[in-house]
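Understanding the architecture of this molecule
This is what each chain is made of:
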Amino acid sequence: MYYAAMILVLAAVTCAIGKWSTKPDDMLMEMGIDMQQFATGNEVIVWLILPMLCACTIAVVQLTISVFAGAIAGYIVSIVYLVVSVYWVSPFLMGNYLMIIRNNRLCAGGMDAAAGIISCIILMVVSIVSGSVYFNRKNIL
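Residues numbered from 1 in each chain as written. Predicted model: local features only at pLDDT ≥ 70, side-chain atom pairs only at ≥ 80, totals over all residues. Heavy atoms only, no water.

Some details on the overall build of the protein
The cut-off we apply is this: Runs of E in the DSSP output that reach at least two residues are strands. Runs of H or I that reach at least four are helices, and both are numbered from the N terminus. Contact criterion: two residues are considered in contact whenever any of their non-hydrogen atoms come within 4.5 Å of each other. Under the convention used here, a 1.4 Å probe and the Shrake-Rupley method define accessible areas, while residue burial counts only the protein chains that appear.
Summing up its helical and strand segments, the protein has 6 helices and 0 strands in all. Overall, the protein shows an N-to-C arrangement of helices and strands of α-α-α-α-α-α. Taking the intrachain contacts of the protein between residues at least 6 apart in sequence as the baseline, contacts between residues at least 24 apart amount to 46%. Here the protein has roughly 9,300 Å² of accessible surface; of this, 72% comes from carbon and sulfur atoms.

Structural data, given as structure tokens:
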């Protein structure tokens, strides 16, 4: 929902100022993004699906860490993890998939969207299973 709201606000603001352009040259000049490499399906994956899936994965992993080690530890680990992913490009750092400019369609040596989706799904499933097994064995009463 957040990303849909962000796109609607972006569309409203750009229409209000009168500068709505889908020309590849304008996107390259104003944002530094070469849009000639994109097809419509790739845009949806890279701009909408992958960031939402990565954000959900990071939230589920944070919840799992919170179940194991406490809420503060889960928050600190997720913040440190996201900060580290800003400085290092690695397929193991989910924060790299949140940045559109680090996609391999936009920059050489970037992250592959398909690999990001697969790793997000695997990490989310592992987190859910390990967290539910630990939670079911925990005596909360």
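A closer look at the side chain of T64
Topologically, T64 is positioned in helix α3 (residues 40–69). Discounting residues that sit within four places of it in the chain, T64 has contacts with S127, S130 and G131.

A look at the confidence of the model for the protein
Caution is warranted with low-pLDDT regions, since their predicted coordinates should not be read in detail. Filter applied, for reference: What pLDDT conveys is the predictor's confidence in a given residue, as a value from 0 to 100.
Taken as a whole, the protein shows an average pLDDT of 78; of its residues, 67% reach a score of 70 or greater. Averaged pLDDT values over the elements of the protein bottom out at 50 in helix α2 (residues 24–31) and peak at 92 in helix α4 (residues 71–87).

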